[in-house]
Amino acid sequence: MSETFRAILISRDADKRQSVETVTMTPGDLMDGDVDIAVEATTVNYKDGLAITGKAPVVRRWPMIPGVDLAGTVISSTHADWRAGDKVVLNGWGVGEVHYGAYAGRARVSGDWLVPLPEVFSAGEAMAIGTAGYTAMMSVMAIEAAGVTPADGPVIVTGAAGGVGSVAVALLAKLGWHVVASTGRAEEASYLKDLGAAEVIDRAELSAPGKPLGKERWAAGIDAVGSHTLANVLAQTRYHGAVACCGLAQGMDLPASVAPFILRGVSLVGIDSVMAPKPRRLAAWCRLAEDLDRERLAALTTEIGFDDIVAAAHRIVDGKVRGRLVVTM
Ligand code: NDP
């Protein structure tokens, strides 16, 4: 008898109404790939929330097993880089969007999409980081590549109590930055300070339409929010500062002016985690192994079970999840 495993499957009917169910599958049901992985841990990102709730068109192949991040052990491989027993991590590459994803006991993927699990992390810790944390790391690296350093002034992190934001706060604090955390959840101020934030501000200061240029408040920024928030972050960035743009929790629009760019030489750097090439991923995971304090990682992580994934997906799109969620399979 063939091995079976549980999976979350999202389907659409003829009227494009979406439904979610937990099903039992066999390896024969999986999509093509050259590496089979026993999924040991996964997570729920904002994007997974959008996929499961159907709030945005993340899923582009039906039906779909959602879940954009996984960590586990290779069961079998015909790919030159991987052998049975290898510990691996997968972030993005369209997994959970166009290729069956992480919310299953087993995944079959292209070996080109995998990176080795860094030795310092367990599968659960790698998923506590997940796409959100690795995006935070790439955002930090983008600010560094722009030549801005902690000596230049404070850094602002928006959506600070969320997944990208929490990891960004922890990383930047460890690297010596004076971190200004912007949040809509005043009750999370002590959580953010414990992660290393030096100041916590109310996100309402940034989320309404503002002026093209404001008082110079920070040398750098990591923005997970978009819309007016990003416009205001740019308008309040110091001369020759840099802002990494990685999210759209407030909106996909950017109602800004060119003033910060042409009058203050501010740089806006885009961050994409999904199709980031392998060398960049390996560099980010290497930096995470060096620069992310594991106690702070534990402090920003909540463990949930496989059966909690769908409810967590609804909570994350409502902005109610603090830090990162880890699902141990
Ligand atoms: P979370 O839901 O964990 O965090 C988002 C945070 O944004 C919330 O916790 C909240 O923070 C803040 N927020 C939510 N709604 C609003 C609003 N209306 N106005 C202002 N702030 C708001 O999500 P993630 O951290 O997983 O992802 C954050 C963003 O980054 C998402 O848009 C996601 O799609 C994007 N992303 C992009 C990637 C890329 O490759 N570019 C990769 C990963 C994520 P608080 O309560 O502190 O105010």
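None of the values given here were measured: they were computed from a predicted structure. (Residues numbered from 1 in each chain as written. Predicted model: local features only at pLDDT ≥ 70, side-chain atom pairs only at ≥ 80, totals over all residues.)

## So, the overall build of the protein chain
Applied cut-off: Numbering of helices and strands runs from the N terminus, with a helix taken as a DSSP run of H or I at least four residues long and a strand as a DSSP run of E at least two residues long. Based on C-alpha atoms, the radius of gyration is set beside the globule rule, defined as 2.2 Å times the residue count to the power 0.38. Exposure is read from a count of other C-beta atoms within 10 Å of each residue's own; the residue is exposed at 12 or fewer, buried at 20 or more and partly exposed in between. C-beta atoms are placed from the backbone.
A count of helices and strands for the protein chain gives 10 helices and 15 strands. Relative to the globule expectation of 20 Å for 329 residues, the C-alpha radius of gyration of the protein chain, 20 Å, shows essentially globular dimensions. Overall size of the protein chain, expressed as C-alpha extent along the three principal axes, is 70 × 45 × 35 Å. In the protein chain, which comprises 329 residues, the share counted as buried stands at 50%.

## Things to note about the nonpolar core
To be explicit about the condition: Working definition: the nonpolar core is a set of buried Ala, Val, Leu, Ile, Met, Phe, Trp, Tyr and Cys residues, joined through C-beta atoms within 7 Å. Note that the domain bounds were set by an automatic or database domain assignment. Residues are defined as contacting one another if the C-beta atoms placed from their backbone atoms lie within 7 Å.
Core analysis: the biggest nonpolar cluster contains 107 residues, and Val155, Val157, Ala168, Val169, Leu172 and Val179 have the highest contact counts within it. Sorting elements by how many residues they give to this core places helix α2 (residues 123-145) first, with 13 residues. Both domain 1 (5-117 + 297-328) and domain 2 (131-270) contribute no fewer than three residues apiece to this core. Here Leu172 is in contact with Val140, Val155, Val157, Trp177 and Val179, once residues within four sequence places are set aside.

## Overview of the site of the ligand
Heads up, the condition is: Nearness rests on one distance test: the residue's C-beta atom, set from the backbone, must lie within 6 Å of the molecule or strand. Each residue gets one of three labels, nonpolar for Ala, Val, Leu, Ile, Met, Phe, Trp, Tyr, Cys and Pro, charged for Asp, Glu, Lys and Arg, and polar for the others, Gly among them.
Lining the immediate surroundings of the ligand are 33 residues, of which Gly159, Ala161, Gly162, Thr183 and Gly247 lie closest. Of all the secondary-structure elements, those providing two or more residues to the shell around the ligand are α1 (46-53), α2 and α3 (163-174). Along the lines of polarity and charge, the residues of the shell around the ligand split into 14 nonpolar, 15 polar and four charged. Residue contributions to the shell around the ligand reach at least three from each of two domains, namely domain 1 (5-117 + 297-328) and domain 2 (131-270).

## Some details on the UniProt feature "domain: Enoyl reductase (ER)" (unreviewed entry) in the protein chain
Our working rule: UniProt positions are given in the numbering used here, feature names are shortened, and annotations may be inferred rather than shown by experiment.
The UniProt record annotates "domain: Enoyl reductase (ER)" (unreviewed entry) at residues 16-327. Helix makes up 31% of residues 16-327 and strand 25%, and the two end C-alpha atoms of the span are 29 Å apart.

## Quick word on the environment of Gly319
Here Gly319 shows up in the loop between α10 (309-317) and β15 (324-328). Assessed through the 16 C-beta atoms surrounding it within 10 Å, Gly319 is described here as partly exposed. The spacing of Gly319 and Tyr46 is 273 residues in sequence and 8.8 Å in space, taken between C-alpha atoms.

## Here we look at the domain arrangement of the protein chain
Annotation of the protein chain at the domain level lists domain 1 (5-117 + 297-328) and domain 2 (131-270). Using only C-alpha atoms to locate each centre, domain 1 and domain 2 end up separated by 29 Å. On the domain 2 side, the residues contacting the 12 residues of domain 1 number 14 residues.

## Considerations on the sheet that holds strand β8 (residues 155-158)
Rule in force here: What makes two strands pair is DSSP finding at least two bridges between them. Fitting a line to C-alpha atoms yields each axis, with helices limited to the stretch in contact; the angle taken between N-to-C directions then spans 0 to 180 degrees.
With parallel pairing, six strands are arranged side by side in an open sheet as β10-β9-β8-β11-β12-β13. For this open sheet the edge positions go to β10 (199-202) and β13 (267-270), each flanked by a neighbour on one side alone. The sheet shows a mean angle of 20° between the axes of neighbouring strands, direction not considered. Each of β8, β11 (218-223), β12 (237-245) and β13 is contacted by helix α6 (residues 227-235), which is oriented at about 150° to β12, the strand it contacts most.

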